[in-house]
Amino acid sequence: MKINEIFYSIQGEGRYTGTPAVFVRFAGCNLNCWFCDTEFHSFTEMSEEEIVAEVSQYPSQYIVITGGEPTLQLTASLTTLLHAAGFYIMLETNGTRALQEGCEVDWITCSPKQKDPSPSTIHTLNIQRIDELKVVYEGAEQDMSQYDAINAKEYSLQPCCTNDRQKDTFITNQTIDYILAHPKWRLSLQTHKVLGVR
């Protein structure tokens, strides 16, 4: 398997914000989002057993499978090994690909991606289920109606980070305004960036 990095930190966003977790970042992605801030191209080849041995060195039983797009590589056998080692598996995906048959994941966070800079439609979702729908919000011009028919246990709205302080503040304020008007959504912040941790 092509692994970009494995590290131990706190979950910075979404449902499990603040939870200590081991992050396994798979290399490669099937999309090319303009706002992506993750380097996922470099990798080290690791076997499934090596991955389990590496993540087992850390004290948390929470593991975040992320990328890139992890469904390009995630296997049923790896999830079986991780569960046997006592891990609670969280997956972060763009949702465009289905999980491999027999792949057991405890929590799926799906962050749909738009085909082009906003306003635009999202890529078709093929993931079998969504526990948390996490939408990157770019502002009031974004068409939020396309998410209305997506079933999830929880709905998170996350301000898009542009690295322009003034613009980011404006987008965050618009995100809060949208959530106040549409209370099925809750605010998700990238707290790891605020705190300056990985």
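The structure we're discussing is the one just above.
Residues numbered from 1 in each chain as written. Predicted model: local features only at pLDDT ≥ 70, side-chain atom pairs only at ≥ 80, totals over all residues. Heavy atoms only, no water.

## Some words on empty space enclosed by the protein
A complete count under the given rule lists 1 cavity of 30 Å³ or more for this structure. Considered as a void within the structure, the largest cavity measures approximately 70 Å³ in volume. Along its surface, the largest cavity is lined by Gln11, Glu13, Gly14, Arg15, Tyr16, Met90, Glu92, Trp107, Thr109, Glu132 and Lys134. At the level of elements, strand E5 (88–93), strand E6 (107–110) and strand E7 (132–137) are the ones that each hand at least two residues to the lining of the largest cavity. Of the residues assigned to the lining of the largest cavity, the class counts are 3 nonpolar, 3 polar and 5 charged. (1 Å grid on protein atoms, 1.4 Å probe; cavity = no way out; pocket = protein on both sides within 12 Å on 5 of 7 lines; lining within 4 Å. Points joined across faces, edges and corners; volume = space filled by probe spheres on them. Helix = DSSP H or I, 4+ residues; strand = E, 2+ residues; numbered from the N terminus. Nonpolar A, V, L, I, M, F, W, Y, C, P; charged D, E, K, R; others polar.)

## Describing the sheet that holds strand E4 (residues 62–66)
Taken together, the 9 strands give an open sheet; going across it, the order is E3-E1-E2-E4-E5-E6-E7-E8-E9, and neighbouring strands pair in mixed fashion. Looking at which strands have only one partner, the edges of the open sheet turn out to be strand E3 (44–45) and strand E9 (185–187). Across 3 bridges, strand E8 (residues 154–159) lies against E9 in parallel orientation. Bridging across to E9, Tyr155 finds its partner in Trp185. This element, helix H1 (residues 48–55), spans strand E1 (2–10), strand E2 (20–26), E3 and E4 of the sheet and lies at about 15° to E1. Packed on one face of the sheet, helix H2 (residues 76–84) meets E2, E4 and E5 and runs near 145° to E5. (Pairing = 2+ DSSP bridges. Contact = heavy atoms within 4.5 Å. Axes fitted to C-alpha atoms, helices over the stretch in contact; angles between N-to-C directions.)

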